[in-house]
Amino acid sequence: MLLSKTMQGHLTALMTILIWGTTFIATKILLLEFKPIEILFFRFTLGYITLWILFPRCFAWQGFKHEFMFLCAGLCGVTCYFLCENIALTYTTASNVGIITNLVPIFTAILAIFFIKSEKPGGNFYLGCLIAIIGVGLISFNGKFVLSINPLGDLLAVFACLFWACYSILTKKCSNDGYHIILLTRRFFFYGLILMLPALYLFNFEWELSRFTHPANLFNILFLGVGASAICFVSWNYAVKLVGAVKISIYIYLIPILTIIAAILILNEPFTWITAVGSLLTLCGVILSEGKIKLIK
């Protein structure tokens, strides 16, 4: 029995989130010897090379208008999103970033109203977002409800959300033009890496490739570059193409739950009842936002 394109999109998004939910472990290990900007650059350089290997065909110049959209997608989804998020973590708490990042689906929905007329969400979407945000809040703070306001870091986290929302909208609009999804993602990576170059100087980037002689470093950068970047960005963009930027953005709420599961299994971190309630609320919010349950007509 063949799955519908919509179902294929949802399953693809879920697979992507399963991988993205475990990237924190690889990043945490690499941060012992690498700066955030170094991880970011090596990760997407490896992802760009991987996409060439997977689909070794040239992607011709598509005209200034289309190339400008590709450039904006690379700027938003590769350069600005990850830089803002990583820098935000140096100025504010991980809990704050975890909560603020969940504004992505709402920002995506607002942008879709103006730029993708066919993806106007209804009341269930926003109610589901609210429930999911409460659930993620419980997961992030885990009973320690101390919200410290750090203006610079929190503002950077908000900008990260906005950049990812813009990336989702641009991906949907670009995919509507019929480009091969791997070629399209590779072009996004290309522009993202080019626009990242000034940041290498600003954040004292160091090559020191000898660090990859350590098996743990090599394995984790391969996981981030090949799996979480090359394969997952292609699969995420494919899901956005099939289902839409707004509905697919909801799956971002599942990342904290998957992160917790990975932390329990791999890092032996505790699982509390507050985390359980937060996970349940998050799942309910996702189901409601996806329209599986109708509470608001």
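Residues numbered from 1 in each chain as written. Predicted model: local features only at pLDDT ≥ 70, side-chain atom pairs only at ≥ 80, totals over all residues. Heavy atoms only, no water.

- Where an unreviewed UniProt entry is consulted, the protein chain appears under the name EamA family transporter, with the organism given as Frischella perrara.

Regarding the overall build of the protein chain
- Scanning the protein chain from terminus to terminus reveals 13 helices and 0 strands.
- Reading the protein chain from its N terminus to its C terminus gives the helix and strand order α-α-α-α-α-α-α-α-α-α-α-α-α.
- By the burial criterion, 51% of the 297 residues in the protein chain qualify as buried.
- Sequence-distant contacts, at least 24 apart, represent 88% of the contacts inside the protein chain between residues at least 6 apart. (Helix = DSSP H or I, 4+ residues; strand = E, 2+ residues; numbered from the N terminus. Buried < 20%, exposed > 50% of the residue type's maximum accessible area, 1.4 Å probe, protein only. Contact = heavy atoms within 4.5 Å.)

Digging into the nonpolar core
- Trp20, Phe44, Phe70, Trp164, Phe233, Trp236 and Ile248 are the most contacted members of the largest nonpolar core, which has 77 residues in total.
- No other element matches helix α10 (residues 215-243), which puts 12 residues into this core.
- Not counting residues within four places of it along the chain, the set of residues in contact with Trp236 comprises Thr16, Ile17, Trp20, Trp164, Ser168, Ile248, Ser249, Tyr251 and Ile252.
- Cys129, Ala132, Ile133 and Tyr253 belong to the second largest nonpolar core, which has 5 residues in total. (Core = buried A, V, L, I, M, F, W, Y, C linked by side-chain atoms within 4.5 Å.)

Structural notes on the confidence of the model for the protein chain
- Summarising the model, the protein chain shows a mean pLDDT of 81, and 80% of its residues fall at 70 or more.
- Under a pLDDT of 50 for its full length, residues 292-297 has, in the predicted model, 11 contacts with residues more than four places off or in other chains. (pLDDT = per-residue confidence, 0-100.)

Structural notes on the environment of Gly128
- Examined against the element boundaries, Gly128 turns out to sit in helix α7 (residues 123-141).
- By relative accessible area, which is 0% here, Gly128 ends up buried.
- Linking Gly128 and Ile250, residues 122 residues apart in sequence, is a C-alpha distance of 9.1 Å.

Describing a nonpolar patch on the surface
- Taken together, the side chains of Leu3, Met7, Leu11, Leu14 and Leu18 present a nonpolar region at the surface, about 410 Å² in accessible area.
- With respect to the helices and strands, Leu3 occurs in the segment before α1 (5-20).
- For Leu3, a relative accessible area of 44% corresponds to the partly exposed category. (Patch = residues over 30% accessible without salt bridge, like charges linked within 9 Å, V, L, I, M, F, W, Y side chains within 5 Å. Areas by Shrake-Rupley, 256 points an atom, 1.4 Å probe, with all protein chains shown as cover. Salt bridge = Lys/Arg side-chain N within 4 Å of Asp/Glu carboxyl O.)

Focus: unusual backbone geometry
- Of note, Asn204 is a non-glycine position whose phi angle comes to about 55 degrees, a positive value.
- Relative to the helices and strands, Asn204 resides in the loop between α9 (181-202) and α10.
- Owing to a relative accessible area of 53%, Asn204 belongs among the exposed residues under this scheme.
- One non-glycine residue, Glu208, lies in the positive phi region at around 40 degrees.
- Mapping Glu208 onto the fold places it in the loop between α9 and α10.

A closer look at the packing of helix α6 (residues 104-115) against helix α8 (residues 151-175)
- Contact geometry of α6 with α8 gives a least axis separation of 8 Å together with a crossing angle of 45 degrees. With respect to α8, the element α6 is oriented oblique. For α6 against α8, the interelement crossing comes out right-handed. Note on element contacts: α8 touches α6 through Val158, Cys161, Leu162, Trp164, Ala165, Cys166, Ser168, Ile169 and Lys173, opposite Val104, Phe107, Thr108, Leu111, Ala112 and Phe115.
- Within the contact of α6 with α8, the residues separate by chemical class into 12 nonpolar, 2 polar and 1 charged. (Axes fitted to C-alpha atoms, helices over the stretch in contact; angles between N-to-C directions. Parallel < 35°, antiparallel > 145°, perpendicular 65-115°, else oblique. Left-handed = near helix turned anticlockwise from the far one by under 90°. Nonpolar A, V, L, I, M, F, W, Y, C, P; charged D, E, K, R; others polar.)

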